[in-house]
Amino acid sequence: MSISSSSSGMGSENKGKVRCWSKGSENLQTQFCMAFTVDFTVYNFQVAHNERRWFVQKRYSQFDKLDSTLNEKFPDVMISVQRLPPKKPFGSLSPALIAMRQKSLDAYLQGILMRPLLARSEEVRDFIEMPLDVREMDREEQRHLQAAKDALRP
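Residue indices begin from 1 for each chain and proceed along its sequence in written order. Per-residue local features are limited, in this predicted model, to residues with pLDDT of at least 70; the limit for side-chain atom pairs, both in listing and counting, is 80 or more; totals at the level of whole chains, interfaces and linings are taken over all residues. The side-chain numbers reported here are obtained from all heavy atoms of the structure, hydrogens and water having been left aside.

(A) Geometry of the packing of helix α1 (residues 60–73) against helix α3 (residues 95–113). Orientation is described by lines fitted to C-alpha atoms, with helices fitted over the stretch in contact, and by angles between N-to-C directions that extend from 0 to 180 degrees. Here a helix means four or more residues in a row that DSSP labels H or I, a strand means two or more in a row labelled E, and each is numbered from the N terminus. Two elements in contact, α1 and α3, have axes separated by 12 Å at closest approach and are oriented at 35 degrees. Considering the relative orientation of α1 and α3, their crossing is left-handed. Mapping the contact onto sequence places Tyr-60, Phe-63, Leu-66, Asp-67 and Leu-70 in α1 and Arg-101, Leu-105, Tyr-108, Leu-109 and Ile-112 in α3. Residues are grouped as follows: nonpolar covers Ala, Val, Leu, Ile, Met, Phe, Trp, Tyr, Cys and Pro; charged covers Asp, Glu, Lys and Arg; every other residue, Gly included, is treated as polar. For the contact of α1 with α3, the per-class residue count stands at eight nonpolar, no polar and two charged. By definition, any crossing whose near helix is turned counterclockwise from its far helix by less than a right angle is left-handed, and any crossing with a clockwise turn is right-handed. What makes two residues a contact is simply this: any of their non-hydrogen atoms within 4.5 Å.

(B) Region of interest: the pairing of strand β1 (residues 18–32). For two strands to be treated as a pair, DSSP must find no fewer than two bridges joining them. Both β1 and strand β2 (residues 36–49) contribute to a ladder of 13 bridges, which runs antiparallel. Among the inter-strand pairings, Ser-22 is bridged to a residue of β2, identified as Phe-45. Remark: three residues form the turn of the hairpin made by β1 and β2, two consecutive strands paired antiparallel; Cys-33 in that turn has positive phi of roughly 50 degrees.

(C) Structural view of the pattern of salt bridges. For this analysis, a salt bridge means a side-chain nitrogen from Lys or Arg found within 4 Å of a carboxyl oxygen belonging to Asp or Glu. One pass over the full model with this rule turns up twelve salt bridges. Members of the salt-bridge network, linked through shared partners, are Glu-122, Asp-126, Arg-135, Glu-136, Arg-139, Glu-140 and Arg-143.

(D) Quick look at the packing of aromatic side chains. Aromatic pairing here means that ring centres of Phe, Tyr or Trp (its six-membered ring) are within 6.5 Å. Orientation follows from the plane angle: under 30 degrees is stacked, over 60 is edge-to-face, and everything else is tilted. Across all of its chains, the model carries three aromatic pairs by this definition. Look at Phe-63 and Tyr-108: their rings are 6.2 Å apart centre to centre, the planes differ by 70 degrees, and that puts the pair in the edge-to-face class. Taken together, the residues span a long stretch of sequence, with Phe-63 in helix α1 and Tyr-108 in helix α3 at a distance of 45 residues. Of the two residues examined, Phe-63 and Tyr-108, each falls in the buried class. Through a chain of ring-to-ring contacts, the aromatic side chains of Phe-45, Phe-63, Tyr-108 and Phe-127 assemble into a single cluster. Only when the NZ of Lys or the CZ of Arg is both within 6 Å of the ring centre and within 35 degrees of the ring normal is a charge said to sit over the ring. Above the plane of the ring of Phe-127 lies Lys-58, whose end atom (NZ or CZ) is 4.9 Å from the centre. Partly exposed describes any residue whose relative accessible area lies between the buried limit of under 20% and the exposed limit of over 50%, with all areas from a 1.4 Å probe on protein chains only and scaled to the type maximum.

(E) Layout of the sheet that holds strand β3 (residues 52–59). Overall, antiparallel pairing links the three strands, which are arranged β1-β2-β3 in an open sheet. In the strand order of this sheet, the two ends are held by β1 and β3, each with one partner. Strand-to-strand twist of the sheet, defined as the mean angle between neighbouring strand axes without regard to direction, takes the value 20 degrees. Two strands pair when backbone bridges link them, and β2 and β3 are joined in this way by eight bridges, in the antiparallel orientation. Directly across from Asn-44, in β3, lies its bridge partner Gln-57. Packing of α1 onto the sheet brings it into contact with β2 and β3, and relative to β3 it is tilted by some 100 degrees. Running at roughly 135 degrees to β1, α3 makes contact with β1 and β2 of the sheet.

Note that all results are geometric; they support no functional claim without further evidence.
See the structure below:
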């Protein structure tokens, strides 16, 4: 599977690639125990593999958890991925912070998807909520590519 992130069209050069691009953010609110409410931001991304497209919404804390997991599992690869913006417990709904985070999270996700070892990991596939049929289609493409490579070996 060739992996990349871009906002380009769906031409044949994108066959087999996972692409992802930012689609803005939303401020949401949830209520706990009918006693108090919590405001938070979700960041929206469109993901595509071949002709399939889907949307995901992620909170900063979910990116932070993914980053920790990938750094633990793939430290040699993660050293070259752009760092996440720092945590900000207060004022995290300010428009300037949200805009800065959106750009940084987009660059972070693109950096992950450009590295095949990371992009093929179950952690990343789960994070981008890759549908099961797309995962199976990708595995089948990989089997065919490997068989073609093996056939060319002397």
